[in-house]
Amino acid sequence: MKLARVGALAAAAVIAFSACTTAPGTTSAPSGSGGTAAQPDVCKDKKGTSSSEVHIYSALPRQGSNKAQTDAMVESIKEIIDGTQVGDFTIKYTDLDDSSAAAGGDWDGAVAQANATTAANDPDAMVFIGHFNSGAAKLTIPILNNACLVMISPANTYPGLTTAVEGVTEPGEPDSYYPNGYRNYTRVISTDNKQGGAGAAWAKELGATKAYVLDDTQVYGKGLARSWALSAQELGIEVISGGTSEGFDAKATDYNALAQKIKDSGADFIYIGSITGQNTGKLWKDLRAAMPDIGIMSGDGVFEKAWYDGAGDAGNGTYLTFGGVGPNEQTSEAGKQWVADFKEAHNGEDPPVYGIYGAAAAQVAVDALNRAAVTNDRWEVLKAVFETKDFESYLGTFSVKPDGDVTLAEATGYQVVDSWPPEFEKVLAAPD
Amino acid sequence: MDEQILQTIIIGLSNGLIYALVALGYTLVYGIIELINFAHGDVFMLGSMLALTLLVAFGVTTGADILTTVGLISIVLLITMAATATLNVSIERVAYRPLRHAPRLAPLISAIGMSFVLQNVGLLWKGPANVGYPDVIPNINVLTTVFGFDTNVSLSYKQLFTAAVTIPLLIALTWFVSKTRQGKAMRATAQDPDTAGLMGVDVNRTIAITFIIAGMLAGAAGLVQILYNNTTVWNLGFRFGLNAFTSAVLGGIGNLQGAVLGGIVLGLINAFSDRYLSAQWTNAIVFGVLIAILVFRPTGLLGQQLADRA
Amino acid sequence: MTSIIDPIERGGSGGLSAWVGHLVDTVVSWPRAYRHAYRRAPRRTVLLTILVILILVYPLLNRFLLQPISRGFPLPIPDDTTVVFMLIFATMAVGLNIVIGFAGLLDLGYVAFYALGAYTAAYLASPHWSTLSIVLFTDLPAGFPGIHLPFFIIFWAAALVAATFGVLLGAPTLRLRGDYLAIVTLGFGEIVPIFFKNLVNVNFELGPIKLVNANITGGPLGINPIDAPSFFGIKFGVINGFAPVYLAMAVVLLCIVIARNLERSRMGRAWMAIREDEIAAEMMGVNTVRTKLLAFGLGASFAGFAGALQASYQGATTSDFFMFATSILVVIMIILGGIGNIWGVILGAIVVQYVDKTLLGWVGQRLNDFGEASGNTFLEQINPSSFSFLLLGLALVAMMRFRPEGFLPSRQRAAELHSAPPDQVIASPGVTDDVIGFEQPLEGGPGAAELAELDPDAVDPNANVGRAEPRSGAEPDAIDPRPEGDR
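Every value quoted in this text rests on a predicted model; they were computed, and no experiment measured them.

Draft legend 1. Structural view of the overall build of chain A. Within chain A one finds 12 helices and 16 strands. Projected onto the principal axes, the alpha-carbon positions of chain A cover approximately 70 × 65 × 40 Å. Buried residues in chain A amount to 66% of all 432 residues. When contacts within chain A are restricted to residue pairs at least 6 apart in sequence, those whose partners lie at least 24 apart make up 75%.

Draft legend 2. Quick look at the overall build of chain C. Regarding its fold elements, chain C presents 21 helices and seven strands. For chain C, the proportion of its 487 residues judged to be buried stands at 53%. Long-range contacts, defined as pairs at least 24 residues apart, comprise 73% of the intrachain contacts of chain C with a sequence gap of at least 6.

Draft legend 3. Main features of the nonpolar core. Ranked by internal contacts, the top residues of the largest apolar core, which has 371 residues, are A:Phe128, A:Ala211 and C:Ala93. The contact partners of C:Ala93, leaving out residues within four places of it in the chain, are C:Val330, C:Met333, C:Ile334, C:Gly337, C:Val345, C:Ile346, C:Gly348 and C:Ala349.

Draft legend 4. Examining the interface of chain B and chain C more closely. Facing 35 residues of chain B, the contacting portion of chain C comprises 41 residues. Ranked by residues supplied to the side of chain B that touches chain C, first place goes to helix H4 (residues 105-126) of chain B with 11 residues. Among the residues making up the side of chain B that touches chain C, the classes are represented as 24 nonpolar, seven polar and four charged.

Draft legend 5. Representation of the interface of chain A and chain C. At the junction of the two partners, chain A supplies 48 residues and chain C supplies 52 residues. Of all the secondary-structure elements, those providing two or more residues to the side of chain A that touches chain C are helix H1 (2-16), helix H3 (109-121), helix H4 (134-147) and helix H6 (219-234) of chain A. Among the elements that take part in the side of chain A that touches chain C, H3(A) stands out by supplying eight residues, more than any other. Looking at side-chain class alone, the side of chain A that touches chain C contains 21 nonpolar, 21 polar and six charged residues.

Draft legend 6. Focus on unusual backbone geometry. Across the junction of A:Trp420 and A:Pro421, the peptide omega takes the value 0°, indicating a cis bond. A cis amide bond, omega 5°, links C:Asn224 with the succeeding residue C:Pro225. Position of C:Pro225 relative to the elements: it lies in the loop between strand E5 (209-214) and strand E6 (230-231). In this structure, B:Glu34 takes a positive phi of about 55° despite not being glycine. For B:Glu34, the location among the structural elements is in the loop between helix H1 (3-33) and helix H2 (40-57). Positioned with a positive phi, B:Asn230 is a non-glycine residue whose angle comes to about 60°.

Draft legend 7. Representation of the sheet that holds strand E3 (residues 146-148) of chain C in the model. Residues and elements named next belong to chain C. Read across the open sheet, the three strands follow the order E1-E3-E2; overall the sheet is mixed. The outermost strands of the open sheet, each flanked by one partner alone, are strand E1 (125-126) and strand E2 (133-135). Bridge count for E2 against E3 is three bridges, and the pairing is parallel. By the bridge assignment for E3, valine 135 is matched with histidine 148.

Draft legend 8. Spotlight on the packing of helix H13 (residues 324-337) of chain C against helix H14 (residues 342-374) of chain C. All names here are of chain C. Running from N to C, H13 and H14 cross one another at 120°; their axes reach a closest spacing of 7 Å. With respect to H14, the element H13 is oriented oblique. Once H13 is placed against H14, the crossing between them reads as right-handed. Between H13 and H14, the residues in contact are Leu329, Ile332, Met333, Ile334, Leu336 and Gly337 and Gly344, Val345, Ile346, Leu347, Gly348, Ala349, Val351 and Val352, respectively. Grouping the amino acids of the contact of H13 with H14 by side-chain chemistry returns 11 nonpolar, three polar and no charged.

Draft legend 9. Focus on the sheet that holds strand E3 (residues 89-97) of chain A. All names here are of chain A. With mixed pairing, six strands are arranged side by side in an open sheet as E2-E3-E1-E4-E5-E6. Every other strand in the sheet has two partners, leaving strand E2 (85-86) and strand E6 (185-187) as the edge strands with one partner each. Relative to strand E4 (residues 125-130), strand E1 (residues 53-60) is paired through five bridges, and the arrangement is parallel. Bridge pairing in E4 places serine 58 opposite isoleucine 129. This element, helix H11 (residues 355-371), spans E1, E2, E4 and strand E5 (150-153) of the sheet and lies at about 165° to E4.

Draft legend 10. Main features of the pairing of strand E11 (residues 295-298) of chain A. Residue and element names in this part refer to chain A. Pairing between strand E10 (residues 269-273) and E11: four bridges, direction parallel. Of the residues in E11, the one forming a bridge with isoleucine 272 is serine 298. The parallel pair E10 and E11, bridged by helix H8 (residues 280-290), forms a crossover whose chirality is right-handed. Strand direction decides the pairing type here: E11 and strand E12 (residues 319-322), joined by two bridges, are parallel. Bridge assignment links serine 298 to a residue of E12, and that residue is leucine 320.

Draft legend 11. Main features of helix H12 (residues 378-386) of chain A. Here H12(A) lies mainly inside the structure; nine of its nine residues are buried. Looking at the buried side of H12(A), the elements it contacts are E4, E5, E6 and H11 of chain A.

Draft legend 12. Broad picture of the packing of helix H5 (residues 192-205) of chain A against H6(A). Residue and element names in this part refer to chain A. The geometry of H5 relative to H6 is characterised by a closest axis approach of 8 Å and an angle of 45° between their N-to-C directions. One element, H5, and the other, H6, form an angle in the oblique class. At the point where H5 passes H6, the crossing takes the right-handed sense. Taking contact as the criterion, the partners of Asp192, Asn193, Gln195, Gly196, Gly197, Gly199, Ala200 and Ala203 in H5 are, on H6, Gly223, Leu224, Ser227, Trp228, Ser231 and Ala232. Residues that form the contact of H5 with H6 fall into these classes: five nonpolar, eight polar and one charged.

Draft legend 13. Looking closely at the confidence of the model for chain C. All names here are of chain C. The predicted model of chain C has a mean per-residue pLDDT of 78, with 81% of residues at 70 or higher. Confidence scores differ between elements of chain C, with helix H18 (residues 431-443) showing the lowest mean pLDDT of 32 and helix H6 (residues 111-124) the highest of 95. Segment residues 1-13: pLDDT under 50, and 28 contacts once partners within four positions in sequence are set aside and those in other chains are kept. Here residues 420-487 is a poorly scored stretch, pLDDT under 50, and it has 109 contacts once near neighbours within four places are set aside; other chains count. With pTM at 0.85, the complex prediction returns an ipTM value of 0.88.

Draft legend 14. Looking closely at the environment of B:Ser178. Residues and elements named next belong to chain B. With respect to the secondary-structure elements, serine 178 resides in helix H6 (residues 157-179). For serine 178, a count of 12 C-beta atoms within 10 Å puts it in the exposed group. Distance from serine 178 to alanine 85, taken between C-alpha atoms, is 21 Å for residues 93 residues apart in sequence.

Draft legend 15. Summary view of the pairing of strand E7 (residues 210-215) of chain A. Residues and elements named next belong to chain A. Within E7, five of the six residues are buried, which leaves it mostly tucked inside the rest of the structure. Relative to strand E8 (residues 238-239), E7 is paired through two bridges, and the arrangement is parallel. Considered in E8, the bridge of lysine 210 is made with glutamate 238. Taken together, E7, H6 and E8 constitute a β-α-β crossover, and its handedness is right-handed. Relative to E10, E7 runs parallel, the two sharing five bridges. Looking at the pairing, tyrosine 212 lines up with isoleucine 270 of E10. Here two bridges tie E7 to strand E9 (residues 246-247), and the two strands are oriented parallel to one another.

About the cut-offs
- Residues numbered from 1 in each chain as written.
- Chains lettered and ligands numbered in written order.
- Predicted model: local features only at pLDDT ≥ 70, side-chain atom pairs only at ≥ 80, totals over all residues.
- Helix = DSSP H or I, 4+ residues; strand = E, 2+ residues; numbered from the N terminus.
- Buried ≥ 20, exposed ≤ 12 C-beta atoms within 10 Å, placed from the backbone.
- Contact = placed C-beta atoms within 7 Å.
- Core = buried A, V, L, I, M, F, W, Y, C linked by C-beta atoms within 7 Å.
- Nonpolar A, V, L, I, M, F, W, Y, C, P; charged D, E, K, R; others polar.
- Pairing = 2+ DSSP bridges.
- Axes fitted to C-alpha atoms, helices over the stretch in contact; angles between N-to-C directions.
- Parallel < 35°, antiparallel > 145°, perpendicular 65-115°, else oblique.
- Left-handed = near helix turned anticlockwise from the far one by under 90°.
- Right-handed = clockwise from strand over helix to strand, strands pointing away.
- pLDDT = per-residue confidence, 0-100.

The structure is reproduced here in structure tokens:
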């Protein structure tokens with residue numbers, strides 16, 4: 001075998017240049033060791049220098065198509081965190097922007113890493129809230145892992161950041177993000193594969209038999225569409241968009257021919273994995289024009305008013321899933337209060353769906369700082385975050401699991417009925 | 001013919017006509033001052049935003065009686081065309097005319113700068129997401145409802161509308177360029193601005209008029225776009241601009257009929273690629289065609305005409 | 001002083017050994033050249049020396065002095081990641097400057113070569129090909145999945161791949177007129193990221209080739225993680241603080257040395273001859289297609305360097321990093337900095353990155369704080385970063401009109417751009433004069449060229465007397481926007 005020879009060559013080479021450090025992607029890294037494991041070397045001496053302040057940073061796309069979402073999140077984070085007293089310390093909050101004009105107002109890898117470096121280099125930084133996009137988190141988790149700084153994401157739904165999922169995540173994930181072997185990343189939202197699975201089950205209930213799956217060729221959209229398609233196939237729905245999902249080009253000027261193709265294929269259901277900014281208004285209009293009665297389902301990437309403004313009437317009838325519980329369906333008293341407060345401050349406007357998740361991330365941070373044995377020691381704060389148990393947040397009660405995911409697993413289903421916001425249909429059972 | 005193929009052709013043709021309207025603006029300007037006016041697509045984008053704003057302001061909605069609707073749309077068309085023409089000629093005055101004698105690169109860079117400025121104006125004006133507009137022209141299949149054919153092929157009023165606007169504009173433009181005195185001045189300037197100047201043509205005025213015409217076409221295309229595609233967004237100019245410029249090159253830049261033919265061919269390529277290949281590869285195919293055309297037939301399908309200086 | 005002799009002339013057709021010898025000579029002759037420069041212009045030399053030292057200690061200064069100060073009193077200081085990206089973009093600016101500034105070929109799809117470099121690096125130093133295991137000269141255990149080659153190999157491989165694609169694209173298209181070339185490159189810049197984005201879960205069958213659900217490029221997820229550059233056990237990844245800044249500085253220095261030498265070579269003069277007047281150049285015996293192709297390929301190879309640095313430094317690469325806006329950003333950098341002048345384009349890259357990534361954000365935060373303190377909601381909400389492309393667009397238009405030669409112009413370009421009145425346009429180009437102008441540096445004798453070795457064109461008006469003087473007078477053809485054949 002050729003491979004064996006190559007391997008032998010490689011072995012020889014390695015003997016010549018003996019190994020001394022571990023590399024990213026080391027397969028032997030322990031997984032899910034959370035905060036309870038022994039203190040890693042990088043976490044020693046991570047005590048802040050200020051005697052009166054600890055710092056919390058957030059890094060979210062503050063421009064571009066997600067601005068409405070992040071405005072609500074930052075507003076809420078600020079209110080919960082900024083100036084709050086934890087032990088002997090006052091929290092100082094800094095709102096960083098991980099997007100750039102060069103990236104068309106979306107997240108920019110270099111900027112996201114600069115944000116993370118800024119926080120990592122500030123010895124008083126104890127918690128990093130972010131990012132909005134999983135793609136950005138993939139780049140910054142290792143930086144913060146090296147600095148022993150805990151990251152709490154309000155919105156990342158890509159499963160590979162915390163768990164390996166067959167057919168969806170890449171080989172080596174998630175360990176490749178944690179070069180020092182311990183976990184420093186958690187999120188207060190459930191993942192795409194759960195939302196996709198719940199959505200597929202709902203579609204089955206709605207009578208879908210032959211589905212055409214589209215994605216926006218982005219990390220989130222493609223991942224969600226693929227999860228949905230794989231679950232749908234398991235449930236016996238035929239997926240006829242070659243393989244799993246077909247990409248649509250956000251730069252295209254129209255989708256009439258694509259719509260025609262779907263119509264001719266005989267599909268009775270369409271699933272779209274996309275974020276609003278990917279020309280979704282036009283896509284919906286063209287699909288609806290060709291197929292006025294077909295069922296269309298999409299995920300929380302388009303669960304915002306901006307999408308409906310773009311799609312207009314063509315958005316009516318669309319089933320929307322949300323990988324969590326939408327603001328108006330919050331069951332906890334605190335959650336209801338949060339929504340009521342937001343509406344009062346914004347002339348009765350409904351909060352964007354992720355707003356309350358930003359607030360919950362901030363709550364987890366403050367709670368951990370309060371519980372930490374040493375308020376301004378990164379390792380102690382990290383441990384406290386991972387020890388979050390039965391925590392009563394705006395999102396209801398949850399615990400943080402050792403792999404960084406939370407015990408919140410619900411997804412909810414909505415349907416757009418002639419106006420925004422969409423009407424709540426049901427809580428979707430997420431498959432395991 | 002196979003109904004599916006026919007349907008794809010109809011879709012391709014109606015898109016192609018909109019590309020053609022934008023492409024004419026590129027081809028006119030390139031023909032006369034050899035400048036790829038990068039900002040042209042963004043003028044078109046602002047035109048579509050203005051048209052949208054006016055349509056909403058005038059209350060043009062579905063269900064109004066047809067005369068009122070047609071009247072109001074005509075008024076919106078005139079205002080939009082006047083506005084984009086003014087914008088385009090102002091851009092020429094500010095960003096291109098001072099660079100008339102600079103190296104070629106200078107006005108091109110200036111055009112790219114202008115394009116970014118206009119995109120950001122659109123972004124600030126309407127925000128980052130698509131802005132939708134309801135179907136005013138009914139999206140009803142003419143073939144089955146009016147002619148009573150028994151077919152699955154759909155040809156809507158909207159699609160007829162794009163043809164009804166584009167084809168008369170093209171005829172008027174061809175007439176203007178080939179028959180009028182001003183058109184003659186344009187052709188003379190295109191061939192050799194210095195000699196044209198010596199022969200008594202006011203070169204600056206002629207170029208300004210070219211920009212006015214190109215701006216008017218962009219405005220008209222903006223309105224057609226908002227009524228046909230029912231949506232606009234700040235980076236629409238970039239999307240359409242690339243397609244439209246490709247159309248212009250495809251047909252032979254500087255050649256008016258060529259731009260229309262190029263637009264139609266490109267519309268068809270787009271539609272067939274979306275329909276029979278995969279939508280995610282369409283842009284790659286379009287640019288592949290563009291590169292192939294430039295390599296194998298740099299003068300385009302119909303050759304360069306307005307300015308014959310390949 | 002051997003360094004003044006054109007390596008290509010010395011080595012006949014210019015073999016690799018001649019180049020290496022030339023580079024060694026250049027390095028060896030530095031102390032002597034420095035003494036020369038000091039004797040001639042002591043103040044300027046001292047100032048430049050201080051500047052160089054400041055640049056060299058900046059990362060340390062930043063880490064140990066500026067950052068701690070900044071904590072109590074925020075300063076608009078770029079952090080290490082931003083500095084590395086300034087240098088990555090400086091690398092690209094130097095490369096694109098060869099294409100646009102030296103040879104006058106407008107490339108609007110330069111990002112394609114950056115992407116090709118980044119993906120080459122990613123393929124050669126990541127677990128992406130997890131069914132293979134090729135581990136060479138790295139500190140990974142044998143049998144580790146994927147291909148893992150050291151940085152000094154992937155760095156050159158990335159440049160080679162980018163240059164190859166540059167030549168492949170250029171060969172059929174470089175005979176096109178300038179703005180057609182711009183469009184072709186723009187198209188290429190759009191196509192390459194589409195391929196990187198779409199080639200995942202590929203099902204394909206053609207004869208013996210059969211792919212089932214093949215993952216070729218990682219799709220929208222890109223390739224992650226990629227090994228950090230490592231020399232003698234020291235790593236230079238994004239998690240390694242300021243160390244990578246020095247690696248990036250070394251890369252930029254290498255690019256400067258290569259570009260400076262190219263500029264002074266016979267090839268450099270041929271490029272400029274083509275830029276000024278292609279037909280005249282051809283008449284004087286310049287093989288225009290080959291010359292342009294070399295500019296294109298060499299320019300692309302610099303983007304390959306930048307791509308390798310990006311991928312290895314960030315530890316990940318995805319097609320989202322390679323957009324049309326990035327191509328334009330590099331063009332903006334070289335225009336603002338001073339097209340044709342290496343120091344100018346580097347300055348452009350640094351300034352544009354600084355304003356976009358650091359300054360606007362800092363100004364925004366100060367405004368927001370001020371707004372919050374004074375209860376002004378407009379100031380509290382404003383985000384100047386989102387206006388950066390508006391500002392850059394305005395800057396481009398304004399620069400073209402009022403200072404087209406950029407901040408640190410090459411004097412030659414400045415002379416062209418501040419053109420003679422239009423009535424001279426039709427005057428005869430005087431082909432022979434023009435080309436003799438380019439031969440001047442050779443005839444200028446060793447003294448002038450030797451001194452020029454260390455001197456940025458822009459700063460010292462005497463360094464390139466021989467070359468510059470003929471340009472300031474009648475500059476017939478550069479003024480005319482159209483190439484000779486079009487009239």
